[in-house]
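Analysis of the macromolecular model
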There are 2 protein chains.
Amino acid sequence: MSPSQSTGYHHGNLRTALIDAATELLGREGNAALTLRAAARVAGVSQAAPYKHFSDKRALLAAVAERGYTELHHRCELVAGTTREPHTRLQRLGEAYVRFALENPALFRLMFSAELGSMADHPGLAAAAARAHGLMEDAVRQLVPPSTLETACAGTWSVVHGLACLLLEGRIRLPTGGESQLIHQVTASFVDGLMPDA
Amino acid sequence: MSPSQSTGYHHGNLRTALIDAATELLGREGNAALTLRAAARVAGVSQAAPYKHFSDKRALLAAVAERGYTELHHRCELVAGTTREPHTRLQRLGEAYVRFALENPALFRLMFSAELGSMADHPGLAAAAARAHGLMEDAVRQLVPPSTLETACAGTWSVVHGLACLLLEGRIRLPTGGESQLIHQVTASFVDGLMPDA
DNA sequence: GGCCTTAAGTTAACGCCGTCAACATTTGAA
DNA sequence: TTCAAATGTTGACGGCGTTAACTTAAGGCC
């Protein structure tokens, strides 16, 4: 019998079920609909049950965000694994980052929300975020001299993150060619600018 | 007698007082402390009074955000007015943007928060945001050919916005030299990369 | 100056939220 | 088998956004 089977009174795997429920609520109805009570309702337990598995609401949010970082990391790994050439690889990584954000708007917002509090309070979340970030750092390392690595890395992450945020909130007027082309052009021209001399 | 004088029962200028109160709460205690009831308490009126001036909480948030965009625009104007050389001007604009974000973290988050809903619901907010954005667009126009303006503009905004967000949420490990130097280097190297040929 | 519409306040209530204390049930190890 | 610990339940608290119903002050009109 799987550990996720319910036995009537005891749920079996409520922690995971709550993260599932929260993720679903976030994806389907947005951040405002993601409440502890709603997650409990979806999971079919009482309002206070989540407190046996999460110290407070932020702990559940952190678990959802952690799953988001893991998924982002997974997608980036796929892209990195199928692209050898360093410029192209970094550029595709950037595109994958932005695409992930646009496909999971509420989740992406949560992953960078101040609601989560300090990363220090959620070690698992910090680790998952660091793994995702590490992929990009590796790709940058193959393009720039070590002396400029930190700046180049911060710059790369900033462009893709900023582009994701601005598109997500509808702050950028889309040019002819649409979203995909803008993403391609912005990431491509940034990666070109990274090279010491063109 | 100024229109902001209270006459006992009637406040005199409650709308402005509520925006003041909300801005203060946001700055001193953060987003979570910014509630309609708290703003009303600070302004010294009852919990329902704000509804005579704002249709709902989001309308108050939009007014606060609008003020934020106006202040950001003001700061950027000062920088743009005192820097003639186009590269330097754009770079300083970027630095000013990031500095504004770091000095007003909660306000900056609100200005780009999905809580505000669509910009179409808040024309004043949209206009204030467009003015601030326009300054940057002008600076970019002096650096790149018209054919790449849109991409360059999106890229520029993305870097500075992304850098602001990541620093704000403590996601970037600070190199030796600290925040200011990182901001300077990232913006400078991006502006350098903008030029058609170095 | 008195009247009366209306803008701008008030109080009281509704349902929802996060959270906690007190209690109930199930599980598994001694 | 017994009993402690883990995992559930109910019911309550205060705070939130929001609304309805009521009260007060301001300002134009005769």
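Residues numbered from 1 in each chain as written. Chains lettered and ligands numbered in written order. Predicted model: local features only at pLDDT ≥ 70, side-chain atom pairs only at ≥ 80, totals over all residues. Heavy atoms only, no water.

Focus: the interface of chain A and chain B
Every contact between the two is made by 30 residues of chain A and, on the other side, 30 residues of chain B. With both chains or domains summed, chain A and chain B bury close to 2400 Å², and 66% of this area falls on carbon and sulfur atoms. When residues of chain A are sorted by the area they lose upon contact with chain B, Thr151(A), Leu166(A) and Arg171(A) head the list and together hold 24% of the total. In this assembly, chain A and chain B are joined by 0 salt bridges. (Contact = heavy atoms within 4.5 Å. Buried area = accessible area lost by both parts, 1.4 Å probe. Salt bridge = Lys/Arg side-chain N within 4 Å of Asp/Glu carboxyl O.)

Re the relation of the copies chain A and chain B
Mapping chain A onto chain B is achieved by rotating through 180° and translating by 0.0 Å along the same axis, at an RMSD of 0.0 Å. On this basis, the relationship between the two copies can be described by a two-fold rotation axis. A high fraction, 97%, of the interface residues of chain A reappear at the interface in chain B, so the copies pair face to face through one surface. (Least-squares fit on C-alpha atoms with pLDDT ≥ 70 in both.)

A closer look at the pattern of salt bridges
Residues and elements named next belong to chain B. For the structure on display, the rule yields 16 salt bridges over all chains. Its salt-bridge partner being Arg 28, residue Glu 29 comes within 3.8 Å of it at the nearest N-O pair. Linking Arg 109 and Glu 169 is a salt bridge whose minimum nitrogen-to-oxygen distance equals 2.7 Å. With a gap of 60 residues between them, Arg 109 in helix 5 (residues 105-111) and Glu 169 in the loop between helix 7 (149-168) and helix 8 (178-194) connect regions that are remote in the sequence. A relative accessible area of 18% means that Glu 169 is categorised as buried. (Helix = DSSP H or I, 4+ residues; strand = E, 2+ residues; numbered from the N terminus. Buried < 20%, exposed > 50% of the residue type's maximum accessible area, 1.4 Å probe, protein only.)

Side note on the domain arrangement of chain A
Residues and elements named next belong to chain A. What the domain assignment reports for chain A is domain 1 (1-54) and domain 2 (56-194). Between the C-alpha centres of domain 1 and domain 2 there is a distance of 28 Å. Counting residues at the interface gives 16 residues for domain 1, matched by 12 residues for domain 2. Around 1100 Å² of area is buried between domain 1 and domain 2 when both sides are counted, 73% of it from carbon and sulfur atoms. Taken as a group, Leu 26, Leu 36 and Phe 54 account for 43% of the area that domain 1 buries against domain 2, more than any other trio of residues on that side. (Domains from an automatic or database assignment.)

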